[in-house]
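So the chains spell out like this:
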Number of protein chains: 2
Amino acid sequence: MAKIVLKGDIVFTSNKDRFETYEDYYIVAENGKVVGIYEELADEYKNYPIKDYTGKMIIPGFVDLHLHAPQYPNRGLGLDKELIPWLNTYTFPEESKYRDIEYAKKVYSNLIKDLWRVGTTRSVIFSSIHRESTKLLMDMLMDSGLGAYVGKVNMDRNTTPELTEDTQRSIVETEEIILEYKDKSNLVKPIITPRFVPTCSVELMKGLGKLAINNGIPVQSHLSENVSEVEWVKELHPELPDYVSVYNEYGLFGQTNTIMAHCIYNTENEIDIMARNGVFAAHCPYSNYNLSSGIMPVRKFLDKKVPVGLGSDISGGNNLSIPSVMVAAIQASKIKWLETDKKLQPLTSSEAFFLGTKGGGIFFGKVGSFEEGYDLDALIIDDSSLMCGNELSLEERIQKFMYIGDDRNIIHRYVRGNEVSEPK
Amino acid sequence: MAKIVLKGDIVFTSNKDRFETYEDYYIVAENGKVVGIYEELADEYKNYPIKDYTGKMIIPGFVDLHLHAPQYPNRGLGLDKELIPWLNTYTFPEESKYRDIEYAKKVYSNLIKDLWRVGTTRSVIFSSIHRESTKLLMDMLMDSGLGAYVGKVNMDRNTTPELTEDTQRSIVETEEIILEYKDKSNLVKPIITPRFVPTCSVELMKGLGKLAINNGIPVQSHLSENVSEVEWVKELHPELPDYVSVYNEYGLFGQTNTIMAHCIYNTENEIDIMARNGVFAAHCPYSNYNLSSGIMPVRKFLDKKVPVGLGSDISGGNNLSIPSVMVAAIQASKIKWLETDKKLQPLTSSEAFFLGTKGGGIFFGKVGSFEEGYDLDALIIDDSSLMCGNELSLEERIQKFMYIGDDRNIIHRYVRGNEVSEPK
């Protein structure tokens, strides 16, 4: 039975309303799961291997619910455009390159190193339409020790010729990946990934919904990111009342665990269906700024008990760092409150921290918190360089790390109780 | 006559509408000023000392038009509040500490190192009300080799007792600093700094306006940052039509070079007066997010030919890095366009770059560009770590640096043709 004890200044959010702080405490884990947090170490734990991080912060690993691996080389490029022209000019041409497995290897190696560097211990990733590159990405993630869901993208309409799949082949290849990978690793798993309604025919969505339900495989897609996109879906599917109903009709909306990225323009009724079906919203504020998409009214989703996490949305988003995304989420919620709707209270620091840890983490099970039974995914934060003259409380230190820290402050990463070293 | 040649991939914006790019060119400077940019080095320059940065980018140093030095320890703290409670709870108590010169030394040493680190070669700084700490900050900046305007803050009403100055003493101490420092350094200069109308009596503003005009000293203050603040100024000064008119009445609005931070809620008429008087607006998007202040309609100011630069506004702003502020300015302008006013076209990448270099730089004279006669303030950017698979144009490389680079990519800094080493 693997055992470990970490000692230091422990901070996490078991609920969004406050930081829980334990200064100079011990966190004990067995088999990768948290047993408890203690001021003094009981005799039964005294022979466990102990890592002494006195004076450093111990916080949950970050969870990124939405990013596109093959767009990694495009970070910071082409951001003077909106969603649809950006897809056609920058994104689709880049994604076409991933039939070349050597190119994929080079890019994915960079991405995985950077995920490790910024402390993202779990992520939910769109790959490209290419089966072999998708499998490569899953294999490389397994080697890294990080946790992830990875989905081969499905598209059979309204995209470039190189990225338009044959419907049946798209379904068959997706099934092949599922069968090969669903039990291959405890940390890296497949996820069904129709890009979004406009690029998926009814036949494709039906087939993928069946695959998901029959194999108990989760689903990810995009929802209501942009006004023109919402209009487009209405034109494509006049037979159904709204965007959500299209996914729901074909078994892709909470029939298995589901994440929908963006959710900026959902109707109240659509949000109610998300809550009822337990569908996660991945809030991606940087991307929504960059592509002039809008600001998701996060507060509405939280009030209606929709599960919400954060996404970097590389490369619509430019910033891979989840603490930076937390701050962007707070800032976006303040602007939404101020310029649009005074009923939507801005996010607090602890709420944003929750979204980027446990909020997204529960998509993976018991992840993103240090409550008993949770996976010990932890980061050790040396924040001494962020101090400047004053003694700070632990709650102030975590806020300072969120607002002004970076990957240089992260000195160790643990996933399920194991330290993860820098990927090769 | 000091001479220098830098060789590399040169990028700058002599106007906001486009990047000027010179791949593998030479930039020649004499006495700290740019002579020209050349593909081949003419015979007359061949014996000049040459720094070969082939493959690296050479860009203008960054200009920060607005930050509060004594708030540096507060970065990332207290940002769940709006302007007035934030001032009273976090800011004023911190600023009271700077009567202690040793404390000031510790904080200012951190700040100056970090300004150097993030490539801010010129900044315009609010100190505290304390004469000795203000002089210390100016002396330390002189030692550093960076350029700055530094102002002792003036306040004689509506603040905490410890920070309320005697009106006459405030004016006299300000004059003492001006006389001692106005010709002491070419790079570090005094600036008259009434905090903002609510904390300055008419007598104080009158006295400072006279000091400015009689000594030809520039002025900085805050303007229309927050709706309650604008209301407050109306209540305090019912005798004058608007906020701008209060500063203008007392010789603090363009009678000498003037910067006003924020400018979110100015009327059209106020913007016209700014344009007429040549008053600079310092746009501080991070601060305006963090304190739920609002989004400055930058496009209006640019269209009316008001000079605009960027400010980090530490510690309302959390981020000292001007390239990050450039990106925040673009993102804020997209949200303004989208959620509030479709007539206000979002900023482009080159416009944001211009604001953070030449836009603010011209407050210092010929600064922030590589046109002939401009000061050679330059940063050498090693962006090799930002590449990921693809060949990029120089225009794409500068965008990538703005969006995903950080201080680790800045490998050398020059001010007026001299390399500036890390401050002690």
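Scoring rules and cut-offs
- Along each chain, numbering runs from 1 in the same order as the chain's sequence is written.
- Here every chain gets a letter starting at A, and every ligand a number starting at 1, in the order they are written.
- Per-residue local features are limited, in this predicted model, to residues with pLDDT of at least 70; the limit for side-chain atom pairs, both in listing and counting, is 80 or more; totals at the level of whole chains, interfaces and linings are taken over all residues.
- Values shown for side chains rest on all heavy atoms present in the structure; no hydrogens or waters enter the calculation.
- Least squares is the method for superposing the copies, and the C-alpha atoms it fits come from residues with pLDDT of at least 70 in both.
- Every residue pair with non-hydrogen atoms within 4.5 Å of one another is taken to be in contact.
- Salt bridges, as used here, are contacts in which a Lys or Arg side-chain nitrogen is within 4 Å of a carboxyl oxygen on Asp or Glu.
- Within 3.5 Å is the distance limit for a polar contact, defined as a pair of N or O atoms, with the added protein rule that one can donate a hydrogen and the other accept it, and that residues adjacent in sequence qualify only through two side-chain atoms.
- Helix numbers and strand numbers start at the N terminus; a helix is a DSSP run of H or I with at least 4 residues, a strand a run of E with at least 2.
- Following the grouping adopted for this structure description, the nonpolar residues are Ala, Val, Leu, Ile, Met, Phe, Trp, Tyr, Cys and Pro, the charged ones are Asp, Glu, Lys and Arg, and the polar ones are all others, Gly among them.
- The rule is short: rings of Phe, Tyr and Trp, with Trp giving its six-membered ring, pair when the centres are within 6.5 Å, and they are stacked under 30 degrees, edge-to-face over 60, tilted in between.
- Burial here depends on accessible area, computed with a 1.4 Å probe over protein chains only, as a share of the maximum for the residue type. Under 20% is buried, over 50% is exposed, and the range in between is partly exposed.
- The rule for a charge over a ring is simple: NZ of Lys or CZ of Arg within 6 Å of the ring centre, and within 35 degrees of the ring normal.
- As used throughout, domain bounds are those supplied by an automatic or database domain assignment.
- Buried area adds together the accessible area that both of two parts lose upon being put together, with accessible area traced by a 1.4 Å probe.
- Any two strands between which DSSP finds at least two bridges are classified as paired.
- Geometry is summarised by axes, namely lines fitted to C-alpha atoms with helices restricted to the contacting stretch, and by angles between N-to-C directions that run from 0 to 180 degrees.

### Quick notes on the relation of the copies chain A and chain B
Part 1 of the argument: Relative to chain B, chain A is turned by 180° and slid 0.0 Å along the rotation axis, the superposed coordinates differing by an RMSD of 0.0 Å. Classification of the inter-copy transformation places it as that of a two-fold axis.

### Some words on the interface of chain A and chain B
Part 1 of the argument: Contacts between chain A and chain B engage 49 residues on the former and 49 residues on the latter.
Part 2 of the argument: The tally of links between chain A and chain B comes to four salt bridges.
Part 3 of the argument: Between Glu339 of chain A and Lys336 of chain B there is a salt bridge whose closest N-O contact spans 3.2 Å.
Part 4 of the argument: Along the contact surface separating chain A from chain B lie 26 residue pairs in polar contact (both at pLDDT 80 or more).
Part 5 of the argument: Counting residues per element, the side of chain A that touches chain B draws most heavily on helix H11 (residues 322–340) of chain A, which supplies nine residues.
Part 6 of the argument: For the side of chain A that touches chain B, the per-class residue count stands at 18 nonpolar, 16 polar and 15 charged.

### Examining the packing of aromatic side chains
Part 1 of the argument: Throughout the structure, instances matching the rule amount to 32 aromatic pairs over all chains.
Part 2 of the argument: Judged by centre distance (5.3 Å) and plane angle (65°), the rings of Tyr98 of chain A and Tyr103 of chain A are edge-to-face. Each member of the pair Tyr98 of chain A and Tyr103 of chain A is classed as buried.
Part 3 of the argument: Arranged with centres 5.4 Å apart and planes meeting at 70°, the rings of Tyr45 of chain B and Tyr48 of chain B form a pair that is edge-to-face.
Part 4 of the argument: Clustering of aromatic rings is evident, with ring pairs tying together Phe12, Tyr22, Tyr25 and Phe370 of chain A.
Part 5 of the argument: When the ring centre of Trp337 of chain A is taken as origin, the NZ or CZ atom of Lys342 of chain A, which lies over that ring, is 3.9 Å away.

### Comments concerning the domain arrangement of chain A
Residues and elements named next belong to chain A.
Part 1 of the argument: When the domains of chain A are assigned, the result is domain 1 (3–61 + 369–419) and domain 2 (62–364).
Part 2 of the argument: Here the C-alpha centre of domain 2 lies 29 Å away from the C-alpha centre of domain 1.
Part 3 of the argument: Taken residue by residue, the interface counts 28 residues in domain 1 and 30 residues in domain 2.
Part 4 of the argument: Summed over both partners, the interface of domain 1 with domain 2 buries about 2,300 Å², with 61% contributed by carbon and sulfur atoms.
Part 5 of the argument: When the buried surface of domain 1 facing domain 2 is broken down by residue, Lys16, Met402 and Arg413 rank first, second and third, together holding 30% of it.
Part 6 of the argument: Where domain 1 touches domain 2, the interface holds five salt bridges.
Part 7 of the argument: Counting the contacts that link domain 1 with domain 2 gives 13 residue pairs in polar contact (both at pLDDT 80 or more).
Part 8 of the argument: By residue number, the principal contributor to the side of domain 1 that touches domain 2 is helix H13 (residues 394–404), which donates five residues.
Part 9 of the argument: For the side of domain 1 that touches domain 2, the per-class residue count stands at 13 nonpolar, six polar and nine charged.

### Here we look at the sheet that holds strand E11 (residues 219–223) of chain B
Residue and element names in this part refer to chain B.
Part 1 of the argument: Spatial strand order, E11-E12-E13-E14: four strands in an open sheet with parallel pairing. At either end of the open sheet lies a strand with only one pairing partner, and these are E11 and strand E14 (308–310). Taking the axes of each pair of neighbouring strands and ignoring which way they run, one obtains an average angle of 30° across the sheet.
Part 2 of the argument: Note that E11 and strand E12 (residues 258–262) share five bridges and pair parallel. Bridge pairing in E12 links Val219 to Thr258.
Part 3 of the argument: Helix-sheet contacts for helix H12 (residues 349–361) involve strand E13 (280–283) and E14, and the interaxial angle to E14 is about 105°.

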